[in-house]
Amino acid sequence: MASNNYYDPADLRKFGNITEWSKELGDKFFDYYGKVFEEGALTAREKALIALAVAHTEQCPYCIDAYTKDTLQRGVTKEEMMEAIHVGAAIKSGATLVHGVMMMNKVNKLEM
C-alpha cells in the first residue's frame, strides 16, 4: 500500500541500502557514523540527545523517529528531550538572527 506521506516511515529501515549504488562511499559513511556514536568523551546517552536536537534543527523526520526511540531506550526523559530540542531551536534561531548583521551591513553600504 502506498503511503500518503512524502516521508514514508518504512524508508528509515532502508537507510542501509544507500550503499547499493555507491558501496565504497556508503561503507565509509557507516564506518564513520558508527565510530561517532561509540562511547568517548561523551556517553552514548549524551550523543543520542545531541542527535535528537540536531534532528529537529535539520527537520529530518527519519532522524527524529530514530533518535526519539533511541533516547527513550537510553533513559532520557521527555523533559530532557524537549529541553534539548529547545537548545537546538535557540541556536538555530540565534544563528539565523545573527546573519541579520550581514543584511544590516549591506543596507548600510548601499545607503552610502
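Residues numbered from 1 in each chain as written. Predicted model: local features only at pLDDT ≥ 70, side-chain atom pairs only at ≥ 80, totals over all residues. Heavy atoms only, no water.

(A) Examining the overall build of the chain more closely. On a plain count of helices and strands, the chain comes out with five helices and zero strands. Reading the chain from its N terminus to its C terminus gives the helix and strand order α-α-α-α-α. Over its C-alpha trace the chain gives a radius of gyration of 19 Å, far above what one expects of a compact globule, namely 13 Å for 112 residues. With the principal axes as the frame, the chain shows a C-alpha extent of 55 × 35 × 35 Å. Per-residue burial for the chain yields a buried fraction of 19% across its 112 residues. (Helix = DSSP H or I, 4+ residues; strand = E, 2+ residues; numbered from the N terminus. Rg over C-alpha atoms; globule rule 2.2 N^0.38 Å. Buried < 20%, exposed > 50% of the residue type's maximum accessible area, 1.4 Å probe, protein only.)

(B) Seen up close, the environment of histidine 99. Among the secondary structure elements, histidine 99 is positioned in the loop between helix H4 (78–98) and helix H5 (100–110). Judged by its relative accessible area of 47%, histidine 99 is partly exposed. Taking the C-alpha atoms as reference points, histidine 99 and alanine 84, 15 residues apart in sequence, are found 23 Å from one another.

(C) Molecular detail of the UniProt feature "domain: Carboxymuconolactone decarboxylase-like" (unreviewed entry) in the chain. Under the feature "domain: Carboxymuconolactone decarboxylase-like" (unreviewed entry), the UniProt entry names residues 24–98. With 81% helix and 0% strand, the stretch residues 24–98 has end C-alpha atoms that lie 39 Å from each other. (UniProt positions renumbered as here; feature names shortened; annotations may be inferred.)

(D) Examining the packing of H4 against H5 more closely. With their axes 4 Å apart at the nearest point, H4 and H5 run at an angle of 10° to one another. Between H4 and H5, the angle is such that the two are roughly parallel. From H4, Thr96, Leu97 and Val98 reach across to H5, where they touch Gly100, Val101 and Met102. Counted by class, the contact of H4 with H5 contains four nonpolar, two polar and no charged residues. (Axes fitted to C-alpha atoms, helices over the stretch in contact; angles between N-to-C directions. Parallel < 35°, antiparallel > 145°, perpendicular 65-115°, else oblique. Contact = heavy atoms within 4.5 Å. Nonpolar A, V, L, I, M, F, W, Y, C, P; charged D, E, K, R; others polar.)

(E) Structural detail: the layout of surface pockets. Taken as a whole, the largest pocket holds about 430 Å³ of empty space. Broken down by secondary-structure element, the contributors of at least two residues to the lining of the largest pocket are helix H1 (23–36), helix H2 (44–57) and helix H3 (61–73). Ranked by residues supplied to the lining of the largest pocket, first place goes to H3 with four residues. (1 Å grid on protein atoms, 1.4 Å probe; cavity = no way out; pocket = protein on both sides within 12 Å on 5 of 7 lines; lining within 4 Å. Points joined across faces, edges and corners; volume = space filled by probe spheres on them.)

(F) Broad picture of the nonpolar core. Counting eight residues, the largest nonpolar core is built from Leu49, Ala51, Leu52, Ala53, Tyr67, Val76, Met81 and Ala84. If you list the elements that add at least two residues to this core, you get H2 and H4. When residues of this core are assigned to their parent elements, the largest contribution, four residues, is made by H2. The residues contacting alanine 53, other than those within four sequence positions of it, are Ala84 and Ile85. (Core = buried A, V, L, I, M, F, W, Y, C linked by side-chain atoms within 4.5 Å.)

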